[in-house]
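# Structural characterization, general
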Amino acid sequence: MKEITINTTISVFNGISDLPLEIQSLMNHAIETRKNAYAPYSRFRVGAAILLDNGKIVLGSNQENAAYPSGLCAERVAIFQAGAIYPNAKIVKLVITAASDTNPTLSPIPPCGACRQSIAEYEFKQEIPIEIYFMGESGEVYKSNSINNLLPLSFDKTSL
Ligand code: THU
């Protein structure tokens, strides 16, 4: 028997004003698009902004459904939209913010497992790491240089 230890690295910024200007701008897009969340059931609003290598910005917010599992997270709305509209573009940065209508959301909100798997698919496909930034409605912003930090030992097409 042996053990494998997997290390992961996250950079922590004190707040939006601590971020590079380009990321502040993307985060402001994500905050703005968070307002478009359709979240009548959870009252939890998530906004995502993607910067592509062609310079385009693609946005997404969570879209819920009375049949709960039919809804979709903000990150996947944005990623799938990017893939659908710009199939050959690479995702350079993904910026996420979340805020609840009912509780203050002061700590960074990471993407859920299904979103991590979807982000991983695009990172493997494009062979360039995706920088991921995430926060609550205010407070610290976490940055990962690649989905690998958030989804170690991921399942991908090489396993098939
Ligand atoms: N949600 C996202 O949009 N992204 C995540 O990564 C986590 C959860 C949404 C889904 C649902 O509309 C609400 O937040 C509560 O789970």
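Conventions adopted
- Residues numbered from 1 in each chain as written.
- Predicted model: local features only at pLDDT ≥ 70, side-chain atom pairs only at ≥ 80, totals over all residues.
- Heavy atoms only, no water.
- UniProt positions renumbered as here; feature names shortened; annotations may be inferred.
- Helix = DSSP H or I, 4+ residues; strand = E, 2+ residues; numbered from the N terminus.
- Pairing = 2+ DSSP bridges.

As recorded in an unreviewed UniProt entry, the protein goes by Cytidine deaminase and comes from Flavobacterium aquatile LMG 4008 = ATCC 11947. Database annotation for the protein, UniProt heading Function (unreviewed entry): "This enzyme scavenges exogenous and endogenous cytidine and 2'-deoxycytidine for UMP synthesis." Taken from UniProt, the Cofactor (unreviewed entry) comment for the protein reads in full: "Zn(2+)".

### A word on unusual backbone geometry
Backbone geometry at R43 places phi at a positive 60°, although glycine is not the residue there. Structurally, the position occupied by R43 is in the loop between helix 1 (21-34) and strand 2 (44-52). Even without being glycine, L153 reaches a positive phi, approximately 55°. Examined against the element boundaries, L153 turns out to sit in the segment after strand 6 (141-144).

### Section: the pairing of strand 6
Two elements, strand 1 (residues 11-13) and strand 6, share three bridges in a ladder whose sense is antiparallel. Paired with S11 across the bridge in strand 6 is K143. Both strand 5 (residues 131-135) and strand 6 contribute to a ladder of four bridges, which runs antiparallel. For F134, the partnering residue across the bridge sits in strand 6 and is Y142. Counted along the chain from strand 5 to the antiparallel partner strand 6, the turn is five residues long, and its residue G139 has a positive phi close to 95°.

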